[in-house]
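The residues making up each chain are set out below.
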Amino acid sequence: MMRGADTERVKSEHLQYVAKSEAVKKWKRVCRRLGVSEDVIAQSDKAYVTSDAFYTSLASWRDEQRGKATLYQLYQALNNSGFPKVGIVLLTITSTQLHQTESPEGMH
């Protein structure tokens, strides 16, 4: 684990990156591993396109944690859902770099 990841708080940039990553393929699984309620997942799924539903559900998780949602928790959920590379990116790059990877060219 990267130093500080267990205490570093999740920011909107992190959620945006994850919602646009390959993890979107199994977004409900990732959200369930974070403890997002089925009601929130269902509401997001009905109201938004997939990447927006994923982001909305992740934001709900972060907000419910009342400032205690960490990068390591998000990493664990991604890793346990089959997306370890997405989690590793979160642990190794800065928020500034996340902005740079949001373009389609940066997403693989």
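Data block above holds the structure.
Report follows, based on the coordinates. (Residues numbered from 1 in each chain as written. Predicted model: local features only at pLDDT ≥ 70, side-chain atom pairs only at ≥ 80, totals over all residues. Heavy atoms only, no water.)

### Details of helix α5 (residues 71-80)
Every buried residue of α5 is accounted for by Leu71, Leu74, Tyr75, Ala77 and Leu78. Taken around the axis of α5, the buried residues stretch over an arc of 165°, which confines them to a single face. Contacts from the buried residues of α5 go to α1 (12-19), α2 (27-34), α4 (50-64) and α6 (84-92). Taken from the residues just after α5, Gly82 is the one with a positive phi, measuring 95°. (Buried < 20%, exposed > 50% of the residue type's maximum accessible area, 1.4 Å probe, protein only. Helix = DSSP H or I, 4+ residues; strand = E, 2+ residues; numbered from the N terminus. Arc of directions from axis to C-beta. Contact = heavy atoms within 4.5 Å.)

### Let's talk about unusual backbone geometry
Of note in the backbone geometry, Arg66 takes a positive phi value of approximately 50° without being a glycine. Assignment of secondary structure puts Arg66 in the loop between α4 and α5. Residue classification places Arg66 among the exposed residues on the basis of a relative accessible area of 73%.

### Points about the nonpolar core
Grouped together as the largest cluster of nonpolar side chains are 28 residues, with contacts concentrated most on Val18, Leu34, Phe54, Leu58, Leu74 and Leu78. Going through the elements one at a time, α1, α2, α3 (38-47), α4, α5 and α6 are the ones with two or more residues in this core. Apart from residues lying up to four places away in sequence, Phe54 is in contact with Val18, Ala19, Ala23, Val24, Trp27, Val30 and Cys31. (Core = buried A, V, L, I, M, F, W, Y, C linked by side-chain atoms within 4.5 Å.)

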